[in-house]
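The lines below spell out each chain.
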Amino acid sequence: GQSLEQPSEVTAVEGAIVQINCTYQTSGFYGLSWYQQHDGGAPTFLSYNALDGLEETGRFSSFLSRSDSYGYLLLQELQMKDSASYFCAVVGNFNKFYFGSGTKLNVKP
Amino acid sequence: NAGVMQNPRHLVRRRGQEARLRCSPMKGHSHVYWYRQLPEEGLKFMVYLQKENIIDESGMPKERFSAEFPKEGPSILRIQQVVRGDSAAYFCASSPRGQNYGYTFGSGTRLTVV
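This section reports on the structure supplied with the text.

About the cut-offs
Residues numbered from 1 in each chain as written. Chains lettered and ligands numbered in written order. Predicted model: local features only at pLDDT ≥ 70, side-chain atom pairs only at ≥ 80, totals over all residues. Heavy atoms only, no water. Contact = heavy atoms within 4.5 Å. Buried area = accessible area lost by both parts, 1.4 Å probe. Salt bridge = Lys/Arg side-chain N within 4 Å of Asp/Glu carboxyl O. Polar contact = N/O pair within 3.5 Å; in protein donor to acceptor, adjacent residues only side chain to side chain. Nonpolar A, V, L, I, M, F, W, Y, C, P; charged D, E, K, R; others polar. 1 Å grid on protein atoms, 1.4 Å probe; cavity = no way out; pocket = protein on both sides within 12 Å on 5 of 7 lines; lining within 4 Å. Points joined across faces, edges and corners; volume = space filled by probe spheres on them. Helix = DSSP H or I, 4+ residues; strand = E, 2+ residues; numbered from the N terminus.

### Quick word on the interface of chain B and chain A
Reasoning step 1: The interface of chain B with chain A comprises 24 residues on the first partner and 19 residues on the second.
Reasoning step 2: For the pair chain B and chain A, the summed buried surface comes to about 1700 Å²; carbon and sulfur atoms form 56% of the total.
Reasoning step 3: Taken together, the connections running from chain B to chain A amount to one salt bridge.
Reasoning step 4: With its nearest N and O atoms 2.6 Å apart, the salt bridge here joins Asp56(B) to Lys96(A).
Reasoning step 5: Linking chain B with chain A are six residue pairs in polar contact (both at pLDDT 80 or more).
Reasoning step 6: Looking at the side of chain B that touches chain A, its residues break down into ten nonpolar, nine polar and five charged.

Okay, structure coming up:
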């Protein structure tokens, strides 16, 4: 089976940097993905790591260590609009995604 | 190039009624996935379909739930005899063949059972 652990809630101020960690246990692993979801909205794709290392996309970066079954999402220069829930997801067989329970990010002025 | 289209956006059903949720994948995508999200939880995989085929339905409840993706038309998730516990957001995603890094979700259907 699959299990993913991520913090339930994180609070940070505008302009700061925040890191959201994700640890996982899985059978069948192709990669780790991150999604953002605003209240009432659809999950939107942020990043995907298939190999170890850091992937950077603008203010967002994602890291994966397959040997540690660990990854994180790094958000820099936080903006109020970044307040949302962030989900890590393991990509398994048949391109199925197994999602964590999400981290609610509160960005304060 | 329209994204993944789901309708209706909101659906209210009384206990015991049937709910039909529709999903039209992105143009050129032949793979469809359905996920369910309960309040304050992550998305849970339900079923993976290709045109006229169910590839993996390991996440589907054994009773009352069914899904199809016909040769023509949208994919349909059908819930018979709905109960309060079926109240959730149902999201559909599509991907082209072979992609495994991420897919685009539709806006979802929020089902409320009263």
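There's plenty left to go through after this.
### A few points about the layout of surface pockets
Reasoning step 1: Of the voids in this model, the largest pocket is the one considered here, and its volume is about 510 Å³.
Reasoning step 2: The wall of the largest pocket is formed by 24 residues, among which Gln37(B), Leu38(B), Pro39(B), Glu40(B) and Glu41(B) lie closest to the centre.
Reasoning step 3: Those elements giving two or more residues to the lining of the largest pocket turn out to be β9 (84-91) and β11 (103-108) of chain A together with β9 (88-95) and β11 (109-113) of chain B.
Reasoning step 4: With three residues, the top contributor of residues to the lining of the largest pocket is β9(B).
Reasoning step 5: In the lining of the largest pocket, the residues fall into seven nonpolar, twelve polar and five charged.
Reasoning step 6: Looking at the second largest pocket, its volume works out to about 160 Å³.

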